[in-house]
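The lines below spell out each chain.
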Amino acid sequence: MAVVVGTTVRTIDWDEGDAATGPAVAVIDQRALPGTFRVRRLATVDALVDAVADLTVRGAPALGAAGALGVALAVRRHPDDADRVRAEAERVAAVRPTAVNLRRGVERALARLDDGPGAVVAEACALLDEDEATNRRLGHRTADLVTQLCGDRPLRLLTHCNSGALAAVTWGTGLGAIRELAARGQVAEVLACETRPLLQGARLTVWELAQMGVAHRLLVDAAAASAMARGLVDAVVVGADRIAANGDTANKIGTYALACAAAHHGIPVLVVAPESTVDHTTASGAGIVVEERAPDEVRAVAGVPVAPPDTPVYNPAFDVTPAALLAAVVTESATFRHGAWARAALPA
Ligand SMILES: CSC[C@H]1O[C@H](OP(=O)(O)O)[C@H](O)[C@@H]1O
């Protein structure tokens, strides 16, 4: 079966199951891609926590869905124990600190706890249902802005990590905007950074671009600046994990370096993310907690050691790009440019 991730197939979903299996959270196993496409049924909160921790499911909007569905799973397993549900919800929310969507998804579902299990599940599923429309809208708004900035022509775009359908419930954010530009005939080529250490670009973004039928090349992260210097990049389009009130943006490690190089070459960098990724309670990037991950993720590649076993490691999963280095932060209902948010009137 041709897997069409991004439109017909959801990255994460609620699976009501049956009397024998019980409910579960169904996720595409992103650790198995690109070699194997498989869906895992996560039937316990423990299994969901592990899947978020090891990036079986990852990406800010997908983590928001995982957070809400984690609460749904907890309340279906412990319908008469609100304290147990709240404790399990906190375990889910605390797995990864940087992507604001995770805790927000938990809080949104937990807010319905007093209305009963059915209401919690319905709220979690509503969050999932909203995702595609939100991502399509922010993709349209980003494509319009890229066209204003770079011209209505086939463009050479560079992206980092994976902000596609695999990072959301479906469609994608940064890569969703590229999907929209491609539909308009405005993509000449996408340069996809491999994104060390976990290679979300090489394993996931390239896989999605091939599915989309968009011309692309994979490059090592260290080649991005020279690609800009050689005139191979018209714009950089990425996702985000947490955006502070002033537009400072936490995204996959390496994004800040891309923004520095892009600024030097006068290339616009656009951050594309849903409103649910904007944290207006955090004034600036200085207040964003950056997740530090295990040393072995750097000391080995796909489980094969590439460094001496006890090598000390610095492995932040994200960095923070100052808003001053960004051409814009685009959501489904606002655009941040030059120091201020402009709220867009949403279509009725
Ligand atoms: C559309 S959010 C994608 C965002 O999340 C990724 O991080 P991770 O793979 O560790 O969950 C990366 O920062 C992407 O830009």
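Residues numbered from 1 in each chain as written. Predicted model: local features only at pLDDT ≥ 70, side-chain atom pairs only at ≥ 80, totals over all residues. Heavy atoms only, no water.

1. A few points about the UniProt feature "site: Transition state stabilizer" (unreviewed entry) in the chain
When the UniProt feature table is mapped to this numbering, "site: Transition state stabilizer" (unreviewed entry) covers Cys161. Under the relative-accessibility criterion, Cys161 is labelled buried at 6%. Once residues lying within four places of it in the same chain are set aside, the contact partners of Cys161 are Arg58, Cys193, Thr195, Gln200, Gly201, Thr205 and Lys252. (UniProt positions renumbered as here; feature names shortened; annotations may be inferred. Buried < 20%, exposed > 50% of the residue type's maximum accessible area, 1.4 Å probe, protein only. Contact = heavy atoms within 4.5 Å.)

2. Considerations on the site of the ligand
Neighbouring the ligand are 17 residues, the closest being Arg58, Arg96, Asp241, Asn251 and Lys252. Contacts to the ligand include Gly59, whose backbone N or O atom sits 2.9 Å from an oxygen atom. One nitrogen or oxygen atom from the side chain of Asp241 is found 2.5 Å from an oxygen atom belonging to the ligand. Expressed as a share of its isolated accessible area of 400 Å², the protein-covered part of the ligand is 99%. (Near = heavy atom within 4 Å. Polar contact = N/O pair within 3.5 Å; in protein donor to acceptor, adjacent residues only side chain to side chain. Areas by Shrake-Rupley, 256 points an atom, 1.4 Å probe, with all protein chains shown as cover.)

3. Overview of the packing of aromatic side chains
Between two aromatic rings, the relevant description is the distance of the centres plus the angle of the planes. Per the stated rule, a full pass over the model turns up two aromatic pairs. Ring geometry for Phe336 and Trp341: centres 5.2 Å apart, planes at 70°, overall edge-to-face. Judged by relative accessible area, which is 4%, Phe336 ranks as buried. Of note, Arg136 hangs over the ring of Trp171, and the distance from its end group to the ring centre comes to 3.9 Å. (Phe/Tyr/Trp six-rings, centres within 6.5 Å; stacked < 30°, edge-to-face > 60°. Lys NZ or Arg CZ within 6 Å of the ring centre and 35° of its normal.)

4. Section: the environment of Gly139
Within the secondary structure, Gly139 is located in helix H5 (residues 117–150). Spatially, the C-alpha atoms of Gly139 and Ala182 are 11 Å apart, while their sequence positions differ by 43 residues. The residues touching Gly139, leaving out its near neighbours within four places in the chain, are Ala177 and Glu180. (Helix = DSSP H or I, 4+ residues; strand = E, 2+ residues; numbered from the N terminus.)

5. Some remarks on the UniProt feature "binding site: substrate" (unreviewed entry) in the chain
When the UniProt feature table is mapped onto this chain numbering, "binding site: substrate" (unreviewed entry) sits at Arg58, Gly59, Ala60, Arg96, Gln200, Asn251 and Lys252. Position of Arg58 relative to the elements: it lies in the loop between helix H1 (45–53) and helix H2 (60–77). Each residue touching Arg58, except ones within four places of it in the same chain, is listed here: Gln30, Leu63, Arg96, Cys161, Asn162, Leu166, Ala167, Gln200 and Leu204. A distance of 3.0 Å separates the side chain of Arg58 from the side chain of Gln30, its partner in a polar contact. Assignment of secondary structure puts Lys252 in strand S9 (residues 249–252). Discounting chain neighbours no more than four positions away, the residues touching Lys252 are Arg96, His160, Cys161, Thr195, Gln200, Asp241, Ala317, Phe318 and Asp319.

6. Observations concerning the pattern of salt bridges
Per the stated rule, a full pass over the model turns up 26 salt bridges. In this structure, the salt-bridge partner of Arg103 is Glu90, at a minimum N-O distance of 2.8 Å. Of the two residues, Arg103 sits in helix H4 (residues 100–110) while Glu90 sits in helix H3 (residues 82–93), which places them 13 residues apart along the sequence. Note on Arg103: relative accessible area 33%, which makes it partly exposed. Owing to a relative accessible area of 39%, Glu90 belongs among the partly exposed residues under this scheme. Among the salt bridges present, the one from Glu189 reaches Arg217, with a minimum N-O distance of 2.5 Å. Pair noted here: Glu189 is in strand S5 (residues 187–193) and Arg217 is in strand S6 (residues 216–219), with a separation of 28 residues, a long-range link. Assessed through its relative accessible area of 14%, Glu189 is described here as buried. The network of salt bridges with common partners includes Arg108, Arg112, Asp115, Glu123 and Glu130. (Salt bridge = Lys/Arg side-chain N within 4 Å of Asp/Glu carboxyl O.)

7. Digging into the nonpolar core
By size, the foremost hydrophobic cluster in this structure holds 39 residues, and its most contacted members are Ile12, Trp14 and Val25. Every element with two or more residues in this core is listed here: strand S1 (12–15), strand S2 (24–28), H1, H2, H3, H4 and H5. Considering each element in turn, this core owes the most residues, 12 residues, to H2. Residues in contact with Trp14, not counting those within four places in the same chain, are Pro23, Ala24, Val25, Leu69, Ala72, Leu73, Arg76, Val121, Cys125 and Leu128. One finds Val236, Ala273, Ala323 and Leu326 within the second-largest nonpolar core, a separate group that totals 24 residues. (Core = buried A, V, L, I, M, F, W, Y, C linked by side-chain atoms within 4.5 Å.)

8. Some remarks on the pairing of S9
Both strand S8 (residues 242–244) and S9 contribute to a ladder of two bridges, which runs antiparallel. Residue pairing in the sheet places Ile243 in a bridge with Thr249 of S9. Between S8 and the antiparallel strand that follows it, S9, lie four residues; Gly247 among them carries a positive phi value of about 90°. As defined by bridge partners, S9 adjoins strand S14 (residues 318–321) across four bridges and the pair is classed as antiparallel. Considered in S14, the bridge of Ala250 is made with Val320. (Pairing = 2+ DSSP bridges.)

9. Notes on the sheet that holds strand S3 (residues 39–42)
Read from one edge to the other, the open sheet built from three strands follows the order S1-S2-S3, with strand pairing classed as antiparallel. The outermost strands of the open sheet, each flanked by one partner alone, are S1 and S3. This sheet shows a mean twist of 25° between the axes of neighbouring strands, independent of strand direction. Across the sheet, H2 touches S1, S2 and S3, and the angle it forms with S1 is around 15°. (Axes fitted to C-alpha atoms, helices over the stretch in contact; angles between N-to-C directions.)

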